[in-house]
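# Structure assessment
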Amino acid sequence: MFKIVVLVSGNGSNLQALINNCIENHIAGNIVGVICNDPNAFAIKRAENHSIPCEIIDHKEFLSREEFDQRVLDSLIKMQPDLIVLAGFMRILTNIIIDRFENKIINIHPSLLPKYPGLDTHQKVIENNDKFHGVTIHFVNNELDAGKVIAQGKLKVEKSENIAKLIERIHKIEHDLLPYIVNKFATLEIEKQNEIRKNVQRISPLL
């Protein structure tokens, strides 16, 4: 089974999209755990509604970013994920986690990176009269929203569009694109494991 762990901080709409797609077998894997740094986040309820283990690790209870990350790392190691998805996780991870799970951590960001890393991307798009907006799924490294791009979804900004409408349209892209990419990771891993098994079967009679 391809094991997915999702890190969240807020409402968790992308978490819900992943849950729904797992239930509907559109993702060849399961969410084995959720980690949330905000005890008041609605994402916790989403996990509980589907009996997904959810660990609350409040960053405010730690004296340093490194101590918080070490606590998160301890939980991740126990869960043994094949893929870690940052879905609205409002913390910058340090190398404590990134080095341990190299090329296994992805993030979804609401802009067409490298444009507008960080916060307030929708506001910046409107203030700058951008013609296009979108989302980016990328690998996580030790720079803010600077990891290798995996996929992007793009839309044309409508004239006189307000932020609420723009966010709604961006969410629609996120909820389609993120499950699609997670499933790609899952199916590639399954294919790799199947190929390994085939090779072992070919060699075994010779041992």
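A few points on the structure. (Residues numbered from 1 in each chain as written. Predicted model: local features only at pLDDT ≥ 70, side-chain atom pairs only at ≥ 80, totals over all residues. Heavy atoms only, no water.)

### Structural notes on the overall build of the protein chain
On a plain count of helices and strands, the protein chain comes out with 6 helices and 7 strands. Across the protein chain, helices and strands are ordered from the amino to the carboxyl terminus as β-α-β-α-β-α-β-α-β-α-β-β-α. When its C-alpha atoms are laid out on the principal axes, the protein chain stretches across 70 × 40 × 35 Å. Taking the contacts inside the protein chain whose residues are at least 6 apart along the sequence as the reference set, 62% of them involve residues at least 24 apart. Summed over its atoms, the accessible surface of the protein chain is roughly 11500 Å², and 51% of this surface lies on carbon and sulfur atoms. Of the charged side chains in the protein chain, 25 are positive and 26 negative; the average position of the first set lies 6 Å away from that of the second. (Helix = DSSP H or I, 4+ residues; strand = E, 2+ residues; numbered from the N terminus. Contact = heavy atoms within 4.5 Å. Areas by Shrake-Rupley, 256 points an atom, 1.4 Å probe, with all protein chains shown as cover. Lys, Arg positive; Asp, Glu negative; His and termini not counted. Charge placed at Lys NZ, Arg CZ, Asp CG, Glu CD.)

### Re the packing of aromatic side chains
Scanning the entire structure with this criterion turns up 2 aromatic pairs. Measuring from centroid to centroid gives 5.8 Å for F62 and F68, while their planes differ by 75°, and the two rings are edge-to-face. Owing to a relative accessible area of 24%, F62 belongs among the partly exposed residues under this scheme. Residue class for F68 comes out buried when judged on its relative accessible area of 1%. Ring geometry for F139 versus F185: centroids 5.9 Å apart, planes at 80°, classification edge-to-face. Here the residue F139 occupies a position in strand β6 (residues 132-139), and F185 occupies one in helix α6 (residues 163-203), the gap between them amounting to 46 residues. Grouping residues by exposure puts F139 and F185 together as buried. Over the ring of F68 we find R91; its NZ or CZ atom is 5.5 Å from the centre of that ring. The side chain of R100 reaches across the aromatic face of F101, ending 5.0 Å from its centre. (Phe/Tyr/Trp six-rings, centres within 6.5 Å; stacked < 30°, edge-to-face > 60°. Buried < 20%, exposed > 50% of the residue type's maximum accessible area, 1.4 Å probe, protein only. Lys NZ or Arg CZ within 6 Å of the ring centre and 35° of its normal.)

### Brief notes about the pattern of salt bridges
Counted by the stated rule, this structure contains 5 salt bridges. Two residues, R71 and E55, come together in a salt bridge whose shortest N-O distance is 2.5 Å. Of this pair, R71 sits in helix α3 (residues 65-79) while E55 is found in strand β3 (residues 54-56), placing the two residues 16 residues apart along the sequence. Here E55 falls in the partly exposed class, since its relative accessible area comes to 22%. Salt-bridge contacts for R169 lead to E161; the nearest nitrogen and oxygen are separated by 2.9 Å. (Salt bridge = Lys/Arg side-chain N within 4 Å of Asp/Glu carboxyl O.)

### Looking at the nonpolar core
In terms of nonpolar packing, the biggest core is built from 39 residues, with I4, V6, I31, V85, I106 and V182 touching the most fellow members. Ranked by residues supplied to this core, first place goes to α6 with 9 residues. Sequence-distant contacts of V182, that is, excluding residues within four places in its chain, are made with F2, I4, L18, I27, L83, V85 and I106. Among the nonpolar cores identified, the runner-up in size contains 18 residues, and L76, L93, F101 and V140 belong to it. (Core = buried A, V, L, I, M, F, W, Y, C linked by side-chain atoms within 4.5 Å.)

### Quick word on the environment of S111
Structurally, S111 can be placed in the loop between β5 (105-109) and α5 (121-127). When its relative accessible area of 0% is taken as the criterion, S111 is described as buried. Linking S111 and L144, residues 33 residues apart in sequence, is a C-alpha distance of 13 Å. Setting aside residues no more than four positions away along its own chain, S111 makes contact with Y116, T121, H133, G134, V135 and T136.

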